[in-house]
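# Residue-level structural notes
Listed below, chain by chain, are the residues.
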Amino acid sequence: MDKKEVYESLKRILNEDLIFIDEPMKNHISFKVGGPADILVRPTTEEEIQAVFKLATENKLPFFVKGNGTNILIKDGGFRGLVIELADNFSDYKIDGKLVTVQTGALLSVIGREVMKESLTGFEFASGIPGSLGGALAMNAGAYGGEMKNIVKSARLMDCEGNITEYTNEEMNFGYRHSRLTDEKKIAISAVIELEKGNYEEIKEKMADLAYQRRSKQPLEYPSAGSTFKRPEGYFAGKLIQDSNLKGVSIGGAQVSEKHSGFVINSNKATANDIISLIEHVKSTVYDTHGVQLEEEVKIIGEDKE
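Values in this document were obtained by computation on a predicted structure and should not be read as measured data. (Residues numbered from 1 in each chain as written. Predicted model: local features only at pLDDT ≥ 70, side-chain atom pairs only at ≥ 80, totals over all residues. Heavy atoms only, no water.)

A word on the overall build of the protein chain. From N to C terminus, the protein chain includes 8 helices and 18 strands. Relative to the compact-globule value of 19 Å for 306 residues, the protein chain shows a C-alpha radius of gyration of 20 Å, a close match. A principal-axis box enclosing the C-alpha atoms of the protein chain has dimensions of 55 × 55 × 30 Å. Pairs at least 24 residues apart make up 64% of the contacts formed inside the protein chain by residues separated by at least 6 positions. Roughly 14700 Å² of accessible area belongs to the protein chain as shown, and the carbon and sulfur atoms make up 46% of that amount. (Helix = DSSP H or I, 4+ residues; strand = E, 2+ residues; numbered from the N terminus. Rg over C-alpha atoms; globule rule 2.2 N^0.38 Å. Contact = heavy atoms within 4.5 Å. Areas by Shrake-Rupley, 256 points an atom, 1.4 Å probe, with all protein chains shown as cover.)

Dropping the structure here:
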């Protein structure tokens, strides 16, 4: 199918205002770089997602699903295929006692604010992570001693044919920056989070303290994808990078943050290629200096610019 045929097929599934042609991906990821996607769609229901999945699978159309775009890097040539965005268009939630049922496009920061209003504790660690629930489930996001596997009761996943299966916490296979979602070609549709009743003022104070720690230690004033590298066993990526004299090093508009060496930032109108080149430079320098092979946490997608 060519682009026009795909567009006409999508119009039978979605309202036209949910379909975007040649959409600049720099407007959809936190690094603020990236070329255009052939087509980007923003479905609002499970049924629409299922229909889009079936269309893409049956026609062998390349596609990927993104949330808030805080852990991906789109190359300068963009993406030849279909991008399915699950963000504020798919972010409903319901709080029932200690259980919170949430669609996976919901921002962690929004969930954090809403459960705080109900004096529910256990989500504070995640409330400042700049991403959506879907990405947090996939990577078992964690910070400040907490991680998603500690609070997820169950999750509903969809495969490429549109079939939905519910998995328990144990069946999600949560590990360090890992889950069933990183092993299988499935996406998360919704999850049930189980929290505990707490004290509103204490929860509010803890969230404020964690937010202050993030602002003081992380370069939140620049576009980035958060912590760029996974933590190598027995080491801290930021310290390895700093000890390799890489703090502040730049390639084009990309820079190793002066504030936190574990962050590669878009400091001055970087291209995706600048960022990728700097990531590779950091990896090779750390390996040459310390014999440790860093692995990027950010997912790199798309094509180089011709």
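Right, let's get into the pattern of salt bridges. For the structure shown, the criterion picks out 19 salt bridges. Across the salt bridge formed by Arg-42 and Glu-85, the nearest N and O atoms sit 2.5 Å from each other. Residue Arg-42 is found in the loop between β2 (36-41) and α2 (46-58), and its partner Glu-85 is found in strand β5 (residues 79-85); the two are separated by 43 residues along the sequence. Summarising the burial analysis for this pair, Arg-42 and Glu-85 share the class buried. Here Glu-295 and Lys-230 are joined by a salt bridge, their closest N and O atoms 3.2 Å apart. (Salt bridge = Lys/Arg side-chain N within 4 Å of Asp/Glu carboxyl O. Buried < 20%, exposed > 50% of the residue type's maximum accessible area, 1.4 Å probe, protein only.)

This part takes up helix α1 (residues 3-11). Taken together, the buried positions of α1 are Val-6, Tyr-7, Ser-9 and Leu-10. The arc that holds the buried residues of α1, viewed along the axis, is 165°, so those residues lie on one side. The elements touched by buried residues of α1 are β1 (19-24), β2, α2 and β5. Measuring from the backbone nitrogen of Lys-4 back to the side-chain oxygen at the start of α1 gives 3.2 Å, which picks out Asp-2 as the cap. (Arc of directions from axis to C-beta. Polar contact = N/O pair within 3.5 Å; in protein donor to acceptor, adjacent residues only side chain to side chain.)

The element β5 is largely enclosed, with a buried count of 6 among its 7 residues. With 4 bridges joining them, β2 and β5 adopt parallel strand pairing. From the neighbouring strand, Ala-37 faces β5, where its bridge partner is Phe-79. In this structure, strand β3 (residues 63-66) lies alongside β5, joined through 4 bridges in parallel fashion. When the sheet's bridge partners are listed, Phe-64 is paired in β5 with Val-83. (Pairing = 2+ DSSP bridges.)

Within the structure shown, the criterion is met by 3 aromatic pairs. Taking the centre distance of 6.5 Å and the plane angle of 45° together, the rings of Phe-123 and Phe-125 count as tilted. The exposure classification of Phe-123 matches that of Phe-125, with both residues buried. Positioned above the aromatic ring of Tyr-176, the side-chain terminus of Arg-231 is 4.6 Å from the ring centre. (Phe/Tyr/Trp six-rings, centres within 6.5 Å; stacked < 30°, edge-to-face > 60°. Lys NZ or Arg CZ within 6 Å of the ring centre and 35° of its normal.)

Looking now at the side chain of Asp-159. Mapped onto the fold, Asp-159 is located in strand β11 (residues 152-159). For the buried Asp-159, no salt bridge is present, and the opposite-charge side chain at shortest range is Lys-186, 5.9 Å distant. Here Glu-161 takes part through its backbone nitrogen, which lies 2.9 Å from a polar atom of the side chain of Asp-159. Within polar-contact distance, the side chain of Asp-159 engages the backbone nitrogen of Asn-163 at 2.9 Å. (Lys, Arg positive; Asp, Glu negative; His and termini not counted.)

Now for helix α8 (residues 272-290). When the terminal C-alpha atoms of α8 are compared, their 27 Å separation across 19 residues agrees well with the 27 Å that a helix rising 1.5 Å per residue should span. Every buried residue of α8 is accounted for by Ala-272, Asp-274, Ile-275, Ile-276, Leu-278, Ile-279, Val-282, Lys-283, Thr-285 and Val-286. Buried residues belonging to α8 abut β4 (72-74), α7 (237-243), β15 (250-251), β16 (254-256), β17 (264-266) and β18 (299-301). Looking one or two residues beyond α8, the residue adopting positive phi is Gly-291, at roughly 70°. (Expected span 1.5 Å × (residues − 1).)

We note that Asp-22 has phi near 50°; this positive angle belongs to a residue other than glycine. With respect to the secondary-structure elements, Asp-22 resides in strand β1. Residue Lys-32 is not a glycine yet carries a positive backbone phi of 60°. Looking at the secondary structure, you find Lys-32 in the loop between β1 and β2. Classification of Lys-32 by relative accessible area gives partly exposed; the value is 47%.

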